[in-house]
Amino acid sequence: MTHLLDSFQLGELRLPNRVVMAPMTRVRATADGLATPSMATYYAQRATTGLIVSEGVQPSLIGQSNPGTPGLHTDEQVAAWRPVTAAVHANGGRIFAQLMHGGRVSHPDTTGMRPVGPSAVPAVGDVFTPTGPKPAPMPRALDTAEVPEHALSYGRAARRAVDAGFDGVELHGANGYLISQFLSSNANLRTDRYGGSVPNRIRFAVEAVSAAVEAVGAARTGIRLSPGGTFWGVAETDVPELYAALLTELARLEVAYVHLEATAGEEVLVGLRRAWPGALVMNPVLPMGAKQTGRAEADHWLGLGADLISFGRAFIANPDLVERLRTGLPVAPVDEATYYQGGDAGYLTYPAYAHTA
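Attention here is on the structure that accompanies the text. (Residues numbered from 1 in each chain as written. Predicted model: local features only at pLDDT ≥ 70, side-chain atom pairs only at ≥ 80, totals over all residues. Heavy atoms only, no water.)

**Focus: the packing of aromatic side chains**
Each aromatic ring pair is specified by the distance between its two centres and by the angle formed by the two planes. Tallied over the entire structure, the rule returns nine aromatic pairs. Consider the rings of Tyr42 and Tyr43, whose centres lie 5.0 Å apart with planes at 70 degrees: the pair is edge-to-face. By relative accessible area, which is 0% here, Tyr42 ends up buried. Among the residues examined, Tyr43 registers a relative accessible area of 1% and is labelled buried. Ring geometry for Tyr42 and Tyr347: centres 4.2 Å apart, planes at 15 degrees, overall stacked. Within this pair, whereas Tyr42 is found in helix H1 (residues 37-45), its partner Tyr347 is found in the segment after helix H12 (321-327), the two being separated by 305 residues in sequence. Each member of the pair, Tyr42 together with Tyr347, is buried. One aromatic cluster is present, formed by Tyr154, Phe182, Tyr194 and Phe204 through successive ring pairs. (Phe/Tyr/Trp six-rings, centres within 6.5 Å; stacked < 30°, edge-to-face > 60°. Buried < 20%, exposed > 50% of the residue type's maximum accessible area, 1.4 Å probe, protein only. Helix = DSSP H or I, 4+ residues; strand = E, 2+ residues; numbered from the N terminus.)

Set out below in structure tokens:
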């Protein structure tokens, strides 16, 4: 049986364990998308994990979803990330940048621009803006000729990520953001080569991944997916067929890994595991408010064929999560009120487990 604390060869990286820190938005960057010294401390505190995947990083200004998120589209942003990646490496860690284009999940108050998407269909719910939550606006549908430019933005950001010291990149193809919107059957109502049929709906995802692979190599490129997920109002038809087709194309590109959220039934996810020949990261998604992913969920998915297990909320309150999992120490609960409040409280203030005599 595969053990959570076993080492694993991921592309060109030797991971000391199979624990992955999942990408989590924490909105601690500056207003112009620069990483901060506090972010360097935050990630370095968690460097014992096999792999850190950063919070979502916008590959372009129009791709920014939330205020307070970092970017990788200017030279200043690249320079600001270098102390972060250096701090992780100094502590013995490995870190990928998650590249996240929000698409329609954005607001002019955040970017100064009208959001874009595959079709003129707004997201469901309120989006964050600098002055608080507001209804998701109507996006502008991308012209066919514009779509490749947005796919290429992932490649440009991937090159900047490696220049900034990241070990690789993960494209955010999940949770209702731009790649997920193209995969969707209700956010994507296009009748051109990017919409309608399964081959057309996966085209943007494949082009975006191809751009990253061309920029930094397949061994440094992964993608996160949420099969059947309904984030921000997206819906997907033909989920097993859609994702089997996408995984077939990703296998041809020989990307380092696929990162699946448990947003579909277990039978569907196990089928996708069988269809995917490469490394699989599994994120045992639990409803907000439920208990955090723990050792039992990790072992369950390792038994079903996952290679690596990503933990999200558990890493917020437990910078020493790997050691807690190794020794069976209790996993501390997280204060949800501090997720997005900014500042160091609830960010750098969670201690390692205190052993008492």
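Next, the rest of the story.
**Details of the side chain of Glu170**
With respect to the element layout, Glu170 can be found in strand S10 (residues 168-172). Buried charge Glu170 goes without a salt bridge, the closest partner of opposite sign being Arg224 at 4.7 Å. At a separation of 2.9 Å, a polar atom in the side chain of Glu170 contacts the side chain of His259. Sequence-distant contacts of Glu170, defined by excluding residues within four places in its chain, comprise Pro23, Val53, Phe96, Ala97, Gln98, Leu99, Gly222, Ile223, Arg224, Tyr257 and His259. (Lys, Arg positive; Asp, Glu negative; His and termini not counted. Salt bridge = Lys/Arg side-chain N within 4 Å of Asp/Glu carboxyl O. Polar contact = N/O pair within 3.5 Å; in protein donor to acceptor, adjacent residues only side chain to side chain. Contact = heavy atoms within 4.5 Å.)

**Re the pairing of strand S5 (residues 95-99)**
Most of S5 sits out of view: five of its five residues are buried. Neither face of S5 is exposed, since Ile95, Ala97 and Leu99 on one face and Phe96 and Gln98 on the opposite face are all buried. Note: strand S4 (residues 51-57) against S5, four bridges, orientation parallel. The residue bridging Val53 from the neighbouring strand is Phe96, located in S5. Crossover handedness for the path S4 to helix H2 (residues 75-90) to S5: right-handed. (Pairing = 2+ DSSP bridges. Right-handed = clockwise from strand over helix to strand, strands pointing away.)

**A word on the nonpolar core**
Ranked by size, the top nonpolar core spans 90 residues in total, and within it Leu72, Trp81, Leu225, Leu250 and Phe311 carry the most contacts. Here this core takes nine residues from helix H7 (residues 203-216), the largest share from any one element. Counting 13 residues, the second largest nonpolar core, distinct from the first, contains Phe8, Leu13, Ala256 and Ala279. (Core = buried A, V, L, I, M, F, W, Y, C linked by side-chain atoms within 4.5 Å.)

**Some words on helix H10 (residues 295-303)**
Restricting attention to buried positions, one finds in H10 the residues Glu297, Ala298, Trp301 and Leu302. Burial along H10 is one-sided: seen end-on, the buried residues are contained in an arc of 135 degrees. H10 presents Ala296 and Gly303 as exposed residues on the side facing more than 90 degrees away from its buried surface. The inward-facing, buried residues of H10 contact helix H9 (266-275), strand S13 (279-283) and strand S14 (308-311). (Arc of directions from axis to C-beta.)

**Focus on the sheet that holds S13**
Taken in spatial order, the eight strands line up as S3-S4-S5-S10-S11-S12-S13-S14 and close into a barrel, and their pairing is parallel. Looking at each pair of strands side by side, their axes are set apart by 25 degrees on average, direction ignored. Judged from the two bridges that link them, S13 and S14 form a sheet pairing that is parallel. Counted as the bridge partner of Val281 is Leu308 from S14. (Axes fitted to C-alpha atoms, helices over the stretch in contact; angles between N-to-C directions.)

**What about the pairing of S14?**
The alternating pattern of S14 places Leu308 and Ser310 and Ile309 and Phe311 on opposite faces, both of which are buried. Taken together, the three bridges between strand S3 (residues 19-21) and S14 define a ladder with parallel strand orientation. Within S14, the residue paired with Met21 across the bridge is Phe311.

**Here we look at the side chain of Ser180**
Turning to its location among the elements, Ser180 is positioned in helix H5 (residues 178-183). The exposure class assigned to Ser180 is buried, which follows from its relative accessible area of 1%. A distance of 3.1 Å separates a polar atom in the side chain of Ser180 from the backbone nitrogen of Gly176. Ignoring anything within four residues of it in the chain, the contact list for Ser180 reads Gly173, Ala174, Asn175, Val234 and Glu236.

The analysis is restricted to geometry; functional conclusions fall outside its scope.
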